[in-house]
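An overview of the molecular structure
Listed below are the residues making up each chain.
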Amino acid sequence: MSQLSPLLIELGTEELPVKALPGLAQAFFDGVVEGLRSRGVALELGDARPLSTPRRLAVLLPGVSLEQPEQRSEV
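What counts, and at which threshold
- Residues numbered from 1 in each chain as written.
- Predicted model: local features only at pLDDT ≥ 70, side-chain atom pairs only at ≥ 80, totals over all residues.
- Heavy atoms only, no water.
- Core = buried A, V, L, I, M, F, W, Y, C linked by side-chain atoms within 4.5 Å.
- Buried < 20%, exposed > 50% of the residue type's maximum accessible area, 1.4 Å probe, protein only.
- Helix = DSSP H or I, 4+ residues; strand = E, 2+ residues; numbered from the N terminus.
- Contact = heavy atoms within 4.5 Å.
- Salt bridge = Lys/Arg side-chain N within 4 Å of Asp/Glu carboxyl O.

**A look at the nonpolar core**
- If you look at the biggest cluster of nonpolar residues, it comprises 15 residues, and the most contacted ones within it are Phe-29, Val-32, Leu-36, Leu-43, Leu-57, Val-59 and Leu-61.
- Of all the elements in the fold, those that place two or more residues in this core are helix 1 (21-38) and strand 4 (56-65).
- Per element, the largest residue contribution to this core is seven residues, and it comes from helix 1.
- If we ignore the near neighbours within four places in the chain, the residues touching Leu-57 are Ile-9, Glu-10, Leu-11, Leu-16, Leu-21, Leu-24, Ala-25, Phe-28, Leu-51 and Ser-52.

So this is what it looks like as structure tokens:
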């Protein structure tokens, strides 16, 4: 397995409704995790969590592989 490193992804937004933040943050988190997994990137999700403020959505992952596995594709 390759070396893992922490990863923080932050998305700046216009003012978001406070009541919608938990759902939006979770959807962003789920999308990032699924996107990385679908590309074969190794993840450590122990303390992973979505973060949010009215102007920010973020995903904190404690361990993400520094390299994506080699893949082949034909076009």
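So, next bit.
**Notes on the pattern of salt bridges**
- Evaluated as defined, the whole model comprises two salt bridges.
- One salt bridge connects Arg-56 with Glu-10, and the closest N-O pair in it is separated by 2.8 Å. Placement of Arg-56 in strand 4 and of Glu-10 in strand 1 (residues 4-12) is noted, with a sequence separation of 46 residues between them.
- Among the residues examined, Arg-56 registers a relative accessible area of 38% and is labelled partly exposed.
- Linking Glu-15 and Arg-55 is a salt bridge whose minimum nitrogen-to-oxygen distance equals 3.0 Å. Residue Glu-15 is found in the loop between strand 1 and helix 1, and its partner Arg-55 is found in the loop between strand 3 (49-53) and strand 4; the two are separated by 40 residues along the sequence.
- Assessed through its relative accessible area of 47%, Arg-55 is described here as partly exposed.

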